[in-house]
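Descriptive structure summary
Single-letter residue listing:
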Amino acid sequence: MADEPHILLVDDERDIRDPLASYLGKNGIRVTKADSAAAAREILAVHAIDLVLLDIMMPGEDGISLAGFIRATSATPVILLTAKAEELDRVLGLEIGADDYVTKPFSPRELLARIKAVLRRTSGGGAAAVHAPDAAGYAFGGWVLRTGERELVDAEGVAVPLSTGEYNLLHAFVTHPRRVLTRDQLLDLSQGRELAAFERSIDNHISRLRRKVEADAADPTLIKTVWGGGYMLAAEVRRI
């Protein structure tokens, strides 16, 4: 990532879009603006974007649909801009892979802090650098987490894509198997303590991981919930 991160700001309201782009620009962030999901798709197809700042409520294709497209086609982080009345949509956005959300009306200063936190977590200088390859991989429950390639592979050798957050979280589990890890411990192990104030989606990361590694995500046997404690990887782990 360049010294000046490149953000795509998607909002149909010019009164929000233009002043926010100006504020972020004055604080060292390059901003490309889009007034619709269609325009955002065109920009994403031709530009390297470090983060998408995305309004949920837009005419035509909404932000939830666009966030789903971004998550299905890339690892580009997404921060949702939501209204208080949109709690259901906000939850749906986090479930499909948004990295954070900010409720309108918001403080530009707070939003800038959220942006920087997500960028630290997902950039090469942030969470991606938390874990250097300490083994070729970890085998557990029919899966292999390859640390060199930072990918998850099933029993047939087929790679399953992981976001940076999902990889770091799974790495925390395989390096601490059969141990109950609290949410705070998982934040420390997977993302860094300084991000805890901004991280609201640890449970959503767990939910997405379960959909990828469990035979039945509704009845998990690998990543178990320990009520009142946290989460635990129940499988035996073997370094390879």
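Residues numbered from 1 in each chain as written. Predicted model: local features only at pLDDT ≥ 70, side-chain atom pairs only at ≥ 80, totals over all residues. Heavy atoms only, no water.

What to know about the packing of aromatic side chains
Centre-to-centre distance and the angle between the planes together describe a pair of aromatic rings. As a reminder, the rule being used: Aromatic pairs are defined between Phe, Tyr and Trp rings, using the six-membered ring for Trp, whenever the two ring centres lie within 6.5 Å; interplanar angles under 30 degrees are classed as stacked, those over 60 as edge-to-face, and all others as tilted. Only Lys NZ and Arg CZ are tested; either one counts as a charge over a ring when it is within 6 Å of the ring centre and within 35 degrees of the ring normal.
Applying the stated rule across the entire model yields zero aromatic pairs. Its end group placed over the ring of F69, R41 keeps NZ or CZ at 4.0 Å from the ring centre.

Re the sheet that holds strand 5 (residues 100-104)
Test applied: Strands qualify as paired when DSSP identifies two bridges or more between them. For helices the rule is a DSSP run of H or I covering at least 4 residues; for strands it is a run of E covering at least 2, with both sets numbered from the N terminus onward. Between N-to-C directions, angles span 0 to 180 degrees; the directions come from axes that are lines fitted to C-alpha atoms, helices contributing only their stretch in contact.
Across the sheet, which stays open at both edges, the five strands sit in the order 2-1-3-4-5 with parallel pairing between neighbours. Two strands bound the open sheet, and with one partner strand each, they are strand 2 (30-34) and strand 5. In this sheet, adjacent strand axes meet at a mean angle of 20° when their direction is disregarded. The sheet contact formed by strand 3 (residues 51-55) and strand 4 (residues 78-83) spans four bridges and is parallel.

Description of the confidence of the model for the protein
Let me state the cut-off plainly: Confidence of the predictor in every single residue is expressed as pLDDT, which spans 0 to 100. Note on contacts: a residue pair is in contact if any heavy atoms of the two residues lie within 4.5 Å.
Here the protein averages 81 in pLDDT, and 83% of its residues register 70 or above. Considering only residues more than four positions removed or in separate chains, one finds that residues 124-134, a stretch of pLDDT under 50, has 29 contacts. In the model, residues 192-199 has pLDDT below 50 throughout and makes 17 contacts with residues more than four positions away in sequence or in other chains.

Let's talk about the sheet that holds strand 12 (residues 237-239)
The sheet built from five strands is open, its strands ordered 9-8-7-6-12 with antiparallel pairing. For this open sheet the edge positions go to strand 9 (159-160) and strand 12, each flanked by a neighbour on one side alone. In this structure, strand 6 (residues 137-140) lies alongside strand 7 (residues 143-146), joined through four bridges in antiparallel fashion. The residue bridging A139 from the neighbouring strand is V144, located in strand 7. The strands that helix 6 (residues 164-174) touches are strand 6, strand 7, strand 8 (151-153) and strand 12; relative to strand 7, the one it contacts most, it runs at about 115°.

Some thoughts on the packing of helix 6 against helix 7 (residues 183-190)
A pair of packed helices is captured by two measures, namely the crossing angle of their axes and the spacing between those axes. Our working definition: Throughout this description, any angle smaller than 35 degrees is read as roughly parallel, any larger than 145 degrees as roughly antiparallel, any in the 65 to 115 degree range as roughly perpendicular, and the remainder as oblique. Gly counts as polar in this scheme, as do all residues outside two lists: the nonpolar Ala, Val, Leu, Ile, Met, Phe, Trp, Tyr, Cys and Pro, and the charged Asp, Glu, Lys and Arg.
The contact between helix 6 and helix 7 brings their axes to 9 Å, and the two run at 110°. Relative to helix 7, the element helix 6 is oriented roughly perpendicular. The residues of helix 7 that touch helix 6, namely those facing N168, L169, A172 and F173, are L186, L189 and S190. Looking at the contact of helix 6 with helix 7 residue by residue, the class counts come to five nonpolar, two polar and no charged.

What about helix 7?
Side chains of residues three or four places apart in an α-helix project in the same direction, reflecting 3.6 residues per turn. The condition is simple: Relative accessibility decides the category of a residue: with a 1.4 Å probe and only protein chains considered, values under 20% of the type maximum give buried, values over 50% give exposed, and everything between is partly exposed. Note that the arc is computed from the directions linking the helix axis to the C-beta atoms.
Among the residues of helix 7, those classed as buried are L186, L187 and S190. Viewed end-on, helix 7 has its buried residues packed into an arc of 100°, placing them on one side of the element. Buried-residue contacts for helix 7 involve helix 6, helix 8 (202-213) and strand 11 (230-233).

Concerning the environment of S207
Counting through the fold element by element, S207 comes out in helix 8. Since its relative accessible area comes to 21%, S207 is described here as partly exposed. In this structure, the C-alpha to C-alpha distance between S207 and A217, residues 10 residues apart in sequence, is 7.7 Å.

Things to note about unusual backbone geometry
Of all residues except glycine, most have a negative phi; of all peptide bonds, most are trans. Cis geometry is found at the peptide bond from K104 to P105, where omega equals -10°. Note that P105 resides in the loop between strand 5 and helix 5 (108-122). A positive phi is found at R150, a non-glycine position, where the angle reads about 55°. Considering the arrangement of structural elements, one finds R150 in the loop between strand 7 and strand 8. At R178, a position not held by glycine, the phi torsion is positive, near 55°. Along the chain, R178 turns up in the loop between helix 6 and helix 7. Under the relative-accessibility criterion, R178 is labelled exposed at 55%.

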